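Fold and geometry: a report
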Amino acid sequence: MNVASIAIMSTHNTKRRSAVLELPKRNREIPGDIKIINDAQNALEAVRLVQLGARAALVCQLTGLTKRVVARLYHRITGVPSSSGQVPFTDTWYLKNNHRMLDANLVWRLFHRMEHAEKSVAGVLIQVYEAYLEITDTPALSLTRAFFVPRLVTMRTWHQQTCDHCTMLFIAPLKGGGVTCPVCIEYFNHRCRRCGAAIEHRTAGRRKAACSRCYEQIRQDGKSESYGTSNDHPGR
Ligand SMILES: [Zn+2]
Ligand SMILES: [Zn+2]
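Residues numbered from 1 in each chain as written. Chains lettered and ligands numbered in written order. Predicted model: local features only at pLDDT ≥ 70, side-chain atom pairs only at ≥ 80, totals over all residues.

**Points about the overall build of the protein chain**
Of the regular secondary structure elements, the protein chain holds 10 helices and two strands. The order of helices and strands in the protein chain, counted from the N terminus, is α-α-α-α-α-α-α-α-β-β-α-α. Burial statistics for the protein chain: of 236 residues in total, 30% are counted as buried. Intrachain contacts of the protein chain at a sequence separation of at least 6 include 51% that bridge at least 24 residues. (Helix = DSSP H or I, 4+ residues; strand = E, 2+ residues; numbered from the N terminus. Buried ≥ 20, exposed ≤ 12 C-beta atoms within 10 Å, placed from the backbone. Contact = placed C-beta atoms within 7 Å.)

**Some remarks on helix α10 (residues 212-220)**
Little of α10 is tucked away: zero of the nine residues are buried. In the segment just after α10, G222 is the residue with positive phi, at about 75 degrees.

**Considerations on the packing of helix α2 (residues 32-51) against helix α4 (residues 67-78)**
Where α2 meets α4, the closest approach of the two axes is 10 Å, and the angle between their N-to-C directions is 50 degrees. Considering their axes alone, α2 and α4 lie oblique with respect to each other. Crossing of α2 over α4 shows right-handed handedness. Seen from α2, the contacting residues are A46, V47, V50 and Q51; seen from α4, they are V70, L73, Y74, I77 and T78. Looking at the contact of α2 with α4 residue by residue, the classes come out as seven nonpolar, two polar and no charged. (Axes fitted to C-alpha atoms, helices over the stretch in contact; angles between N-to-C directions. Parallel < 35°, antiparallel > 145°, perpendicular 65-115°, else oblique. Left-handed = near helix turned anticlockwise from the far one by under 90°. Nonpolar A, V, L, I, M, F, W, Y, C, P; charged D, E, K, R; others polar.)

**Concerning the pairing of strand β1 (residues 159-162)**
With four bridges joining them, β1 and strand β2 (residues 169-172) adopt antiparallel strand pairing. Residue pairing for β2: Q161 is matched across the bridge by F170. Turn length for the β1-β2 hairpin, with the two strands adjacent in sequence and antiparallel, is six residues, and the turn residue T167 shows positive phi of about 65 degrees. (Pairing = 2+ DSSP bridges.)

**So, the nonpolar core**
Counting residues in hydrophobic clusters, the biggest one holds 46 residues, and the most contacted among them are L49, V59, V107, L125, V128 and A146. Mapped by element, the contributors of at least two residues to this core are α2, α3 (56-63), α4, α6 (98-113), α7 (121-135), α8 (143-154), β2 and α9 (182-190). For this core, the leading source of residues is α7, giving eight residues. Residues within four places of V128 in sequence aside, it is in contact with V107, L110, F111, M114 and A146. (Core = buried A, V, L, I, M, F, W, Y, C linked by C-beta atoms within 7 Å.)

**Some points on α7**
Between the first and last C-alpha of α7 there are 21 Å, a value that for 15 residues agrees with the 21 Å anticipated at 1.5 Å per step. Among all positions of α7, only V121, A122, G123, V124, L125, I126, V128, Y129 and Y132 are buried. (Expected span 1.5 Å × (residues − 1).)

**Structural notes on the packing of α7 against α8**
Here α7 crosses α8 at 115 degrees, and the two axes come no closer than 10 Å. Of the two elements, α7 crosses α8, and the hand of that crossing is right-handed. Between α7, through L125, V128, Y129 and Y132, and α8, the contact on the second element is made entirely by L143, A146 and F147. By residue class, the composition of the contact of α7 with α8 is seven nonpolar, no polar and no charged.

**Thoughts on the environment of S83**
Mapping S83 onto the fold places it in the loop between α4 and α5 (92-95). For the pair S83 and A56, spaced 27 residues apart in sequence, the C-alpha separation works out to 7.8 Å.

**A look at the confidence of the model for the protein chain**
Caution is warranted with low-pLDDT regions, since their predicted coordinates should not be read in detail. Overall, the prediction assigns the protein chain a mean pLDDT of 83, with 78% of residues at 70 or greater. Confidence over residues 5-27 falls short of pLDDT 50; this stretch has 34 contacts with residues more than four positions distant or in other chains. Here residues 227-236 scores under 50 on pLDDT; set against residues more than four positions off or in separate chains, the count is 25 contacts. (pLDDT = per-residue confidence, 0-100.)

**Remarks on the environment of C163**
Mapped onto the fold, C163 is located in the loop between β1 and β2. Separated by 18 residues in sequence, C163 and C181 place their C-alpha atoms 5.2 Å apart. If we ignore the near neighbours within four places in the chain, the residues touching C163 are M168, F170, V179, T180, C181 and C184.

Here is the structure:
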């Protein structure tokens with residue numbers, strides 16, 4: 001199952017169970033024992049999704065369980081009813097800061113690792129999100145936000161691009177001018193773009209893009225061009 005199909009299947013909620021538990025097409029009748037396994041699998045995935053922070057609506061969408069069943073399950077696990085907040089549908093939230101973009105790219109990589117896994121959409125999401133939580137101490141993305149990352153690509157809101165600085169593949173909206181991945185943006189937040197030396201931390205105001213020495217050098221050279229703020233893409 002590739003990342004695109006995860007997003008598409010999650011949208012249409014069609015045949016969600018793959019491989020082992022999938023029945024041959026000619027055998028429309030689901031034997032009772034297989035149905036029990038399917039139902040148990042759905043219930044287990046629903047529980048894990050709730051534990052990982054999914055709202056009831058997303059759990060219904062991913063597991064095919066009814067609203068009533070999921071609502072009861074949710075209340076049983078969390079002690080409170082599920083909030084009815086919207087599932088994200090634009091990338092505005094992700095673009096607010098680089099930490100979110102970094103994490104979105106990490107999640108994207110994790111989805112790719114699962115590309116050939118014989119798992120349901122819910123199973124893939126659970127595995128990706130568990131790995132994400134293990135990797136990072138400060139997760140910026142909720143499970144819902146992580147789930148939406150592959151969709152940003154299939155919706156063609158984001159595109160796979162190659163960073164001008166480190167040649168790493170990453171996903172982001174297309175922009176004119178230079179292409180800088182979130183890792184390099186983070187790097188340039190802390191290191192001089194000219195010589196690579198550490199930039200002194202400033203608590204307020206625009207963060208410097210060059211170290212004091214380079215800054216002084218540039219000033220003395222009478223260069224007027226700015227190296228931009230820390231969040232600017234160089235070359236833009
Ligand atoms: Zn880069
Ligand atoms: Zn420097």
